[in-house]
Amino acid sequence: MDFPTPGDSADLGYSLNEDRFNGSSVSGAEYILGEQVHQMSLEPLEPNSASYDCHQDQQQFAAEEYEYWNQDSVIGELTAEEIRWFYKSDTDKRWTEFNGYDSHHIEFLYRQYNQEWHQVYNEQQSNGGEGVGVKIPKHQIVVRGGMYEVDVHSWKGYSIFWPGEEFQVTRGTWFYGTTWQPVEYPPCETIEHMHLQLFCGQRLSDYADSGLSQKEVWHTEQLPEFHVDWHSPKDVFLHNETAPSKLMRSVTQKLGFQKPTGCRLMRGYKTPALATDSADRITDITHLVFVIHGIGQKMDIGRIIKNSNSFRDCVTWLQNKYFPNSTDRPEFFPVEWRTSLKLDGDLVSAITPLHLEKLRSLLNASAMDIMYYTSPLFGQEIQAGLCVELNRLYSMFLERYPNFKENGGKCSVVAHSLGCVILYDIVTGWLPNDPMACLQKANSSEGREEMLKKSGLLFEIENMFCLGSPLSVFLALRWKDPHEPENHDKVLPPKLCKRLYNVFHPADPVAYRLEPLLVKAYKTIAPLTLQSYNASAKMPYDLMPLEPIQTESIYLRKIASAGDYSDRDEATPEPVSSSIPSPPTPSRDRWSLWSLMRGGRRSVQAEGSHEPIVKEGSGSPTHHHENALRGLEHRLDFVLRENQLATSYFAALTSHTAYWENYDVAFFILTRLFPQLEQEAQLPTNFVDGSPCIQKNSRLI
């Protein structure tokens, strides 16, 4: 059978392949749907509300068990509620469904486009096939929370704010019963066309199910790669024409099995797409997060977009699972600043020897970015490139969401690797091409104010998350005494951001700590370990005790012991935040830093002994450590949970990019963006050193 002609499709309301009309040109007019969707005249859809799992065995979809069909309904054209639109990128193997709200709006716009297409087609036919002066408006609609647009003319979707992201869309009318994936276009159009020819206007109740084994094949439609058998309006099976499938059908027929062995097809999606479903409609953005890449973007163009999408998916999954009632919505904007820069052109490539060409090209595309930024010639160009891109994204966002700031919207930044250093310099006004002048200005309050006014950013940063950051190394090489209290505001100006978080993998060779840069005594204090996202109860990070740093040799001995911690105090609970061994219990000649902070009243236990030893008196170095650890209002360093491979060289190769799909990092950033979510996930009673602690105004009493 041939595919439907334009005339047949006009009668049945089918979609048309835009490639059939090559004489049209697209104008820039964009349709705004508004409330028109709610005025659509659609037949009511009454499917069973129970949705079926996509991976159930196909036998569970037997006619007597499948209740989606309304037995009293008349078979006719599919309504917008029954149709579901899908999307996928070039690298995806499976289609992903649009939510019901988006799908319903896309379908309405698609039907508008179809009507206008037929008007153009008829005008062409009346003019003898000439399409001079005939134009088809461009039909676009915003989907996926306002981040993407779908063009039903080209059957493609595009990112609105950042370039380079594109995906395909398809219209699902028939679906594979085992996976609920849509049958590809154009075979689905052929199946739908034949289905209506066979059963249009009839009632499903006229085809009472008397058992699949007794049904005969009413019609067979042959397609290039498969054929479809109709046993009844509800019993439609697709059979592949591959050799293994034919052999299986031959064997089953010879054995006397009459039940169809193909894949069952379902007409209409399992759940209706409702335009008024508030549960499907994505809430407005309340926190805008810019994701800035570091080195190596030139080597892998578009990687920051993929990383941002992966991180967004992690945050969305966590929010839906653990905070389903939250009305807050973060949105992550990838900021790509490298590929648009010219810098030296191809000069470095020209002077690169051809020996070990691939290795040298890899270094030129990655590590060379650090040399470019520290160069007095190109550092300011890199700063300007990042600043311009940040302001462009923010301005474009405000054009579409003008009430963002009035509604309390905030902006934060997730910066990776070198991106942390560039952003820091933009906000603080540091110029890589004139470091001495910057130092002179930074030593005076008037000079610092002048530098901060040169920031150039159009927004204030609420939270700055540094992932795998070498920022502290750059600061250590710029300031002579950064640990002096009077230099703290110079090194980390309050205007930089309201909160700064330095998150790193323990094996990341590029990452460095910030706390010891400001307070030297923190070189003996371990960074806070990110708690597991799925821990049953979590302790607030502000209440976590200070722990002595654990050396690599001690850690390796703990790993070798395979979790035998018999020397731990049995009264001390296991930390809920980590699956790795806790630091070793202090011995008689080593002080517990947390006990010193609490006045030396904590019982210090000797290794291998269960007898507590209490250190008290004026001779204890309590006041010395308290004074040495002063200077930090909040903890800055946070480390990912370790595993047995955390200290291996293999981990060092992969750890620098291990943040984007880490659910612990995603949960941490989500609860920092919305602090009220942390209160929902924290321990009802906080335990510090095995004893209950009452929390009041976020302080220990």
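Per-chain numbering applies: the sequence of each chain, read as written, is numbered from 1 onward. For a predicted model such as this one, the threshold for reporting local features is a pLDDT of at least 70, and the threshold for listing and counting side-chain atom pairs is 80 or more; totals across whole chains, interfaces and linings nevertheless cover every residue. Where side-chain values are given, they derive from all heavy atoms of the structure, hydrogens and water being excluded.

## Focus on the overall build of the protein chain
Reasoning step 1: Across its full length, the protein chain carries 21 helices and 26 strands.
Reasoning step 2: Remark: exposure states derive from per-residue accessible area (1.4 Å probe, protein chains only) relative to the maximum for the residue type, with buried under 20%, exposed over 50%, and partly exposed in between. Evaluated residue by residue, the protein chain yields a buried proportion of 50% over its 701 residues.
Reasoning step 3: Counting contacts in the protein chain only where the partners sit at least 6 residues apart, residues at least 24 apart contribute 73% of the total. Counting from the N terminus, the helices are the DSSP runs of H or I reaching at least four residues and the strands are the DSSP runs of E reaching at least two. Residues are treated as being in contact if the distance between any of their heavy atoms lies within 4.5 Å.

## Notes on the side chain of R635
Reasoning step 1: Mapping R635 onto the fold places it in the loop between helix 18 (622-628) and strand 22 (637-639).
Reasoning step 2: In this structure the side chain of R635 is engaged in a polar contact, spanning 2.7 Å, whose partner is the side chain of E515.
Reasoning step 3: Setting aside residues no more than four positions away along its own chain, R635 makes contact with R499, L500, R513, E515, Y522, I525, A526, P527, L528 and L546. Here a polar contact is taken to be a pair of N or O atoms separated by no more than 3.5 Å, where protein atoms must pair a possible hydrogen donor with a possible acceptor and residues adjacent in sequence count only if both atoms sit in side chains.

## Re helix 3 (residues 187-199)
Reasoning step 1: A rise of 1.5 Å per residue sets the reference length of helix 3, with its 13 residues, at 18 Å; its end C-alpha atoms lie 18 Å apart and thus fit the reference within 8%.
Reasoning step 2: Of all 13 residues in helix 3, 11 are buried; the element is thus mostly enclosed.
Reasoning step 3: For helix 3, every residue scored as buried is listed here: P187, C188, E189, T190, I191, E192, H193, M194, H195, L196 and F199.
Reasoning step 4: Directly after helix 3, the chain includes G201, whose backbone phi takes a positive value near 90°. Multiplying 1.5 Å by the helix residue count minus one yields the expected span of that helix.

## Concerning the packing of aromatic side chains
Reasoning step 1: Side-chain rings of Phe, Tyr and Trp, where Trp is taken by its six-membered ring, are said to pair if the distance between their centres is within 6.5 Å; with planes under 30 degrees apart they count as stacked, over 60 as edge-to-face, and otherwise as tilted. All chains considered together, the criterion is met by 39 aromatic pairs.
Reasoning step 2: Across the ring face of Y322, the terminal group of K321 is positioned such that the distance to the ring centre comes to 5.6 Å.
Reasoning step 3: A ring has a charge above it when a Lys NZ or an Arg CZ is no more than 6 Å from the ring centre and no more than 35 degrees off the ring normal. Above the plane of the ring of Y322 lies K538, whose end atom (NZ or CZ) is 6.0 Å from the centre.

## A look at the sheet that holds strand 14 (residues 287-292)
Reasoning step 1: Taking strand neighbours across the sheet as the criterion, the 7 strands line up as 15-14-16-17-18-22-19 in an open arrangement whose pairing is parallel. Across the chains shown, the open sheet's two edge strands, defined by having one partner strand only, are strand 15 (330-335) and strand 19 (528-529).
Reasoning step 2: DSSP calls a pair of strands paired once it identifies at least 2 bridges connecting them. Both strand 14 and strand 15 contribute to a ladder of 6 bridges, which runs parallel. Directly across from F290, in strand 15, lies its bridge partner F333.
Reasoning step 3: All axes here are fitted lines through C-alpha atoms, helices being fitted over the stretch that makes contact, and every angle between N-to-C directions spans 0 to 180 degrees. Lying on the sheet, helix 5 (residues 303-322) is in contact with strand 14 and strand 15; it crosses strand 15 at an angle near 170°.

## Remarks on the packing of helix 5 against helix 20 (residues 663-673)
Reasoning step 1: In contact at an axis separation of 9 Å, helix 5 and helix 20 are set at 70° when each is read in the N-to-C sense. When the axes of helix 5 and helix 20 are compared, the pair comes out roughly perpendicular. Considering how the two elements wind past one another, helix 5 and helix 20 form a crossing that is right-handed. When helix 5 is examined against helix 20, the residues F311, C314, V315, W317, L318, Q319 and Y322 are found in contact with a partner set consisting of Y663, V665, A666, F667, I669 and L670.
Reasoning step 2: Under the scheme applied, nonpolar residues are Ala, Val, Leu, Ile, Met, Phe, Trp, Tyr, Cys and Pro; charged residues are Asp, Glu, Lys and Arg; polar residues are all the others, including Gly. Residue classes in the contact of helix 5 with helix 20 are distributed as 12 nonpolar, 1 polar and no charged. In this scheme, roughly parallel covers angles under 35 degrees and roughly antiparallel covers those over 145, while 65 to 115 is roughly perpendicular and the rest are oblique. Whether a crossing is left-handed or right-handed is set by the direction in which the near helix is turned from the far one by less than a right angle, anticlockwise for left-handed and clockwise for right-handed.

## Some points on the sheet that holds strand 5 (residues 140-143)
Consider a sheet: its strands pair through backbone hydrogen bonds, and that pairing is either parallel or antiparallel.
Reasoning step 1: Spatially, the 6 strands line up as an open sheet ordered 3-2-8-7-6-5, and their pairing is antiparallel. On the outer flanks of this sheet lie strand 3 (96-97) and strand 5, each paired with one strand and no other.
Reasoning step 2: Bridge analysis of strand 7 (residues 156-159) against strand 8 (residues 166-172) gives 3 bridges, and the strand direction is antiparallel. Looking across to strand 8, one finds that K156 is bridged to Q168.

## Considerations on the pairing of strand 2 (residues 84-88)
Reasoning step 1: Most of strand 2 sits inside the fold, with 5 of its 5 residues counted as buried.
Reasoning step 2: Side chains of strand 2 alternate between two faces, with R84, F86 and K88 and W85 and Y87 buried alike.
Reasoning step 3: Across 5 bridges, the pairing between strand 2 and strand 8 is antiparallel. When the sheet's bridge partners are listed, Y87 is paired in strand 8 with V169.
Reasoning step 4: Taken together, the 2 bridges between strand 2 and strand 3 define a ladder with antiparallel strand orientation. By the bridge assignment for strand 3, F86 is matched with E97.

## What about unusual backbone geometry?
Reasoning step 1: In this structure, P186 follows Y185 across a cis peptide bond, with omega equal to 10°.
Reasoning step 2: Position of P186 among the secondary structure elements: in the loop between strand 9 (174-176) and helix 3.
Reasoning step 3: Of note, R144 is a non-glycine position whose phi angle comes to about 55°, a positive value.
Reasoning step 4: With respect to the element layout, R144 can be found in the loop between strand 5 and strand 6 (148-151).
Reasoning step 5: At W155, a position not held by glycine, the phi torsion is positive, near 60°.

## Section: the environment of N407
Reasoning step 1: Mapped onto the secondary structure, N407 falls in the loop between helix 9 (379-400) and strand 16 (410-416).
Reasoning step 2: Judged by relative accessible area, N407 falls into the exposed class, the value being 66%.
Reasoning step 3: Taking C-alpha positions, N407 is 9.9 Å from I285, a pair spaced 122 residues apart along the chain.

## Thoughts on the pairing of strand 12 (residues 236-240)
Reasoning step 1: Of all 5 residues making up strand 12, 4 are buried, and the element is well covered by its neighbours.
Reasoning step 2: Two strands pair when backbone bridges link them, and strand 11 (residues 226-230) and strand 12 are joined in this way by 5 bridges, in the antiparallel orientation. When the sheet's bridge partners are listed, D229 is paired in strand 12 with F237.
Reasoning step 3: Of the pairings in the sheet, the one linking strand 12 to strand 13 (residues 263-267) comprises 3 bridges and is antiparallel in character. Following the sheet pairing, F237 is matched in strand 13 by R264.

## Section: a nonpolar patch on the surface
Reasoning step 1: On the surface, L356, L359, L362 and L363 cluster together to form a nonpolar patch covering roughly 360 Å² of accessible area.
Reasoning step 2: Take L356: it is sitting in the loop between helix 6 (347-350) and helix 7 (357-365). Residues qualify for a patch when their relative accessible area is over 30% and they have no salt bridge, like charges being joined within 9 Å and the nonpolar side chains of Val, Leu, Ile, Met, Phe, Trp and Tyr within 5 Å. Accessible surface area values rest on a Shrake-Rupley calculation with a 1.4 Å probe, where residue burial reflects the displayed protein chains alone. In the sections that follow, a salt bridge refers to a side-chain nitrogen of Lys or Arg positioned within 4 Å of a carboxyl oxygen of Asp or Glu.

## With respect to the packing of helix 9 against helix 10 (residues 418-428)
Reasoning step 1: Across the interface, helix 9 lies against helix 10 with an axial gap of 10 Å and an inter-helix angle of 80°. Taken together, the axes of helix 9 and helix 10 are roughly perpendicular relative to one another. Taking contact as the criterion, the partners of I382, Q383, L386, C387 and L390 in helix 9 are, on helix 10, I422, L423, D425 and I426.

## Focus on helix 20
Reasoning step 1: Taken across its 11 residues, helix 20 has 10 buried, putting it largely inside the fold.
Reasoning step 2: Within helix 20, the full set of buried residues consists of D664, V665, A666, F667, F668, I669, L670, T671, R672 and L673.
Reasoning step 3: Put simply, N662 is the residue that caps the front of helix 20, since its side-chain oxygen is 2.9 Å from the backbone nitrogen of D664.

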